Amino acid sequence: MAVAACQEVRSACPYCGTGCGVLLRPDGAGGLAVRGDPEHPANRGRLCSKGLALGETLGLEGRLLAPQVNGQETDWDSALDLVAARFRQAVEQHGPDSVGFYLSGQMLTEDYYVANKLMKGFLGSANIDTNSRLCMASTVAGHKRAFGTDTVPGTYEDLEEADLIVLAGSNLAWCHPVLYQRILAAREARGTRLVVIDPRRTASCDQADMHLKLRAGSDAALFNRLLAALYEGGALDAEYLQHVEGLGAALEAAFAADAAVTGLEEAEIAAFCDLWMRTEKVVTIFSQGVNQSTSGADKVNAILNCHLAAGRIGKLGCGPFSVTGQPNAMGGREVGGLANMLACHMDLENSSHRAAVQEFWGAPAMPERAGLKAVDLFRAAGEGRLKALWIIHTNPAVTMPEADAVSAAIKACDFTVVSDVTAATDTARLADVLLPAAAWAEKDGTVTNSDRTISRQRAVLPPPGQARADWDILADAGRRMGWGAAFDYQSPAQIFREHAALSGLAGSFGLDFDISGLSSLSDSDYEGLAPVRWPVSRKRQGGRFFADGRFFHPDGKARMLPVRWRPPAAAQDRRYPFRLNTGRIRDQWHTMTRTGKAPRLSGHLAEPFADIHPEDARRLGVQPADLLRLSSPHGQAILRARITADVQPGDLFVPIHWTGETAPSARIDTLVAAATDPVSGQPESKGAVVAAERWQAAWYGFAVSCRPMAPRTEYWAVARTGAGYRAELAGLAPLADLEAIARDLFALPEAEAQVMTDRRKGIARLALHQDGKVMAALFTAPEPVAVRRDYLAGVPGSSAAEVLTGIPAAGRPDPGPVVCACFSVGANTILHAIESGGLMSVADVGAALQAGTNCGSCRPDIAELLSRRPFRQAAE
Ligand code: SF4
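Note that the coordinates shown come from a computational prediction; the quantities given were computed from them, not determined experimentally.

### Section: the overall build of the chain
- When you go through the chain residue by residue, the secondary structure sums to 27 helices and 34 strands.
- For a compact globule of 876 residues, the expected C-alpha radius of gyration is about 29 Å, and the chain comes in at 27 Å, within 12% of that figure.
- Taken along its principal axes, the extent of the C-alpha atoms in the chain is 80 × 70 × 55 Å.
- When burial is assessed residue by residue, the chain has 64% of its 876 residues classed as buried.
- Partitioning the contacts of the chain with sequence separation of at least 6, the portion at a separation of at least 24 is 71%.

### With respect to unusual backbone geometry
- Omega for the peptide link from W534 to P535 comes to 10°, which places this bond in the cis form.
- Relative to the elements of secondary structure, P535 occurs in the loop between strand 19 (532–533) and strand 20 (558–559).
- Here the phi dihedral of D771 falls at roughly 50°; this positive angle occurs in a residue that is not glycine.
- The topology assignment puts D771 in the loop between strand 31 (763–770) and strand 32 (773–781).
- D771 gets classed as exposed once you look at its relative accessible area, which sits at 74%.

### Focus: the pattern of salt bridges
- Considering all chains together, one arrives at 59 salt bridges under this definition.
- In the salt-bridge network here, residues are joined through shared partners; they are D77, D81, R468, D472, D476 and R480.

### Looking at the environment of D298
- Mapped onto the elements of the fold, D298 is located in helix 12 (residues 296–309).
- Each C-alpha atom, one on D298 and one on R564, is 7.7 Å from the other, the two residues being 266 residues apart in sequence.
- Once you skip the residues sitting within four places of it in the chain, D298 turns out to touch R145, V563, R564 and R566.
- Within polar-contact distance, the side chain of D298 engages the side chain of R145 at 2.8 Å.

### Concerning the pairing of strand 17 (residues 445–448)
- Residues G445 and V447 point to one face of strand 17 and T446 and T448 to the other, with burial holding for every one of them.
- Of the strand pairs in this sheet, strand 17 and strand 18 (residues 453–457) are connected by four bridges, and their pairing is antiparallel. Its bridge partner lying in strand 18, T446 is registered against R456.
- From the end of strand 17 to the start of strand 18, which pair antiparallel, there are four residues, and R452 there has a positive phi angle of about 70°.

### Looking at the sheet that holds strand 16 (residues 433–436)
- The strand order 5-4-16-15-14-6-7 describes an open sheet built from seven strands, whose pairing is mixed. The sheet terminates laterally at strand 5 (72–73) and strand 7 (128–130), the two strands that pair on one side only.
- Bridging between strand 4 (residues 68–69) and strand 16 involves two bridges; their strand directions are antiparallel. Paired with V69 across the bridge in strand 16 is V433.
- Helix 3 (residues 109–123) rests against strand 6 (99–103) and strand 7 of the sheet, and its axis sits at about 165° to strand 6.
- The strands that helix 15 (residues 374–382) touches are strand 6, strand 7 and strand 14 (388–392); relative to strand 6, the one it contacts most, it runs at about 135°.

### Observations concerning the nonpolar core
- Ranked by internal contacts, the top residues of the largest apolar core, which has 118 residues, are F87, F101, F272, W276, L308 and W390.
- Every residue in contact with L308, bar those within four places of it in the chain, is listed here: A146, F147, Y240, L241, V244, I313, F551, A558, R559 and M560.
- Ranked by size, the runner-up nonpolar core spans 74 residues in total, among them A42, L172, Y180 and V774.

### Focus on the packing of aromatic side chains
- Under the criterion given, the structure shown has 24 aromatic pairs.
- Each ring, one from Y240 and one from F551, has its centre 6.3 Å from the other, and the planes form 85°; the classification is edge-to-face. A residue pair is termed long-range when its members are at least 10 positions apart, and Y240 in the loop between helix 8 (219–232) and strand 11 (244–245) and F551 in the loop between strand 19 and strand 20 qualify at 311 residues. Take Y240 and F551: they sit in the same class, and that class is buried.
- Here the aromatic residues F147, Y240, F513, W534, F545, F546, F551 and F552 are joined through ring pairs into a cluster of three or more.
- Just above the ring of W534 sits the side chain of R452; from NZ or CZ to the centre is 5.5 Å.
- Directly above the ring of F702 sits R789, whose terminal nitrogen or CZ lies 4.8 Å from the centroid.

### Quick look at the site of the ligand
- Within the structure, the ligand sits among C13, Y15, C16, T18, G19, C20, L47, C48, K50, G51, P177 and V178.
- Residues belonging to the shell around the ligand are distributed by class as follows: eight nonpolar, three polar and one charged.

Parameters and conventions
- Residues numbered from 1 in each chain as written.
- Predicted model: local features only at pLDDT ≥ 70, side-chain atom pairs only at ≥ 80, totals over all residues.
- Heavy atoms only, no water.
- Helix = DSSP H or I, 4+ residues; strand = E, 2+ residues; numbered from the N terminus.
- Rg over C-alpha atoms; globule rule 2.2 N^0.38 Å.
- Buried < 20%, exposed > 50% of the residue type's maximum accessible area, 1.4 Å probe, protein only.
- Contact = heavy atoms within 4.5 Å.
- Salt bridge = Lys/Arg side-chain N within 4 Å of Asp/Glu carboxyl O.
- Polar contact = N/O pair within 3.5 Å; in protein donor to acceptor, adjacent residues only side chain to side chain.
- Pairing = 2+ DSSP bridges.
- Axes fitted to C-alpha atoms, helices over the stretch in contact; angles between N-to-C directions.
- Core = buried A, V, L, I, M, F, W, Y, C linked by side-chain atoms within 4.5 Å.
- Phe/Tyr/Trp six-rings, centres within 6.5 Å; stacked < 30°, edge-to-face > 60°.
- Lys NZ or Arg CZ within 6 Å of the ring centre and 35° of its normal.
- Near = heavy atom within 4 Å.
- Nonpolar A, V, L, I, M, F, W, Y, C, P; charged D, E, K, R; others polar.

This is the structure we're talking about:
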């Protein structure tokens, strides 16, 4: 549904699990003005840099506009008839477990619901998993073991009411910036203490009272120690423990634990335990650093044990709090869109639950056991056991561990369908059938954020070409497979009502997820639905879980589990001496298919990198800006070295975002082993072992262009700029003909070349001009090129005569690398303002330049610039 220009529409940000509300105003020309929704309870008007830049990610460039079969455009009837026939054929010939769906936490609840119903109820398999498996499956497993259901007990209000916030394996400042700012505002108002538990110093440590820089993977040992300290310090809550089973065994395991494996000083651990014990209102926020581990579920239970034992759960300002990475990971969990769930928190292995859902759906066949979780699903594809696979809105050829093997598996699968907004992904290139899906601003439905708040996402732009909503594509496929009545959906509202009604069954079994109070919404009620936190049953709306000590195990009690620390699955050895940590950066999202389009989001960190400790760099002979080659038994990568004590000796940190489209040598999951948690099936994305060495190229280059580039060198990384594109390059073969290479790179055969070389230093510079404008420029050297990149990034399309000097002429501004992406303020601009304006604080900089006044994620960087004395221009 298109919305008239100038009309402002409430919707939800499609990135992290904070679930911020946005107000969208179409401009009538395909664009949108975006601002935070002041009435949304998650963000109250705030947005981070990614949310603010949503309007810059909408262009039709790269959009998939028509179905394709084997690379040829076709119509929907032909494509979906083929999909339906191949899935039915696979089930008939090889059984239901020969087919699989791999979904995404980006999908809306209504999309997820139809996919789950089609696979579990009608195709008859539980082979439906999602990229949420890589994100928070360990939390689901931990919740279910402790509470009996996958219940997130906390709300965002708890973050503001707590006196102590513990961030365990969560760089909240970058990954959930609006929540982090809510905590900082509360800290300002009430002095909330902040503890960060992370092997790496992150932006979240900037304001922390305590940073416990523990060894990777040792969280369970630390929380076991806390549990023992709670017992020794008389801090157990005897009254609340009447609602909990398993204290004795959990304590026995806790006392048997050796906290030395954390690598922390005894005094640090004691200070943490003391602070936790002395503080009544404690919230422990945990995220991927806890989940992405072969002992992720145990780490979660080690945290839950402490909150249960101390009765710090079910009360305002208290509780364990999992924050999800994706906008609708929670919605996916609610519909049951994981291989080991049924629907609405009902259990696949529970025959009563299964029979009730089967009857509700009128389903011919229901699986009785869990399907293949993500890693096993792609293994099955590679081994020929999966005959038909449908991948929706995700890019497993980049994001799955052992990504090269996953690419080969997708390629080997007899029949692969990919639904996406673009054909330009590593996964889409491998598909037999490509289906054009509607994008975020074109889709109608609901999402659930980390604190169980359901928000409406509303379509404000018409889908381009033949793109369609995912629920519509899946339902159409279901009808073509022969189940017309079950998939006769006309709108997302109809699907939501069915989902809400089904949840009433869960409620009747005494489970937590019950939104049956929303099952009678009219279409217009659904259209106007305001954010609402579940449960919303006829008996109960909202409220706090576990305040009454009632849990969802059959006996109504919670469970504490004995947790024993286990090291990461892969052991470091002489061949692979480094532990690889992976994660997100501030301004990018997943594989950058959207955020990569916004120039200001690429201005902060424009190139993939590996953080390495100074001692390790020295030992390997690595200098700043050198390239590093990382290798593991599963693959290799080349990345720019960043030498920093933020990581520990022996550790490396690498971001996850780069792909075959943007930096083929930086597909970091090619290095990561597909080792999984035995309970949750979540891969250990933060514990791979790798070797590292300096990678010496014959030449290094930096290029800018107003048009897309086509690099063919061993190392390249491309990013968008306001004027076009920028690229880092390096090659092993000596540079022969610079002009020929440049013309090939830039595809500008008509442009006039201007060349400058210094044979003694081996430096060469070339600019291509057309109609008095610089169209592109290439700078090469035998060492990493030293030029003012941020200035040069703005040169294409201008008449800058001095381009070959690589530095701006006098009077021409060079903003420096982007620091504040919300307001596009560069480091040099800030340094100049500090120096010339006598600015003394982050607040002064904000007042002068706006920098740091929106999402606040860049405030640590501004503080670092303020600390520089004497001032100098920021070099890259
Ligand atoms: S914190 Fe940022 S990315 Fe996350 S939902 Fe809010 S605006 Fe979107």
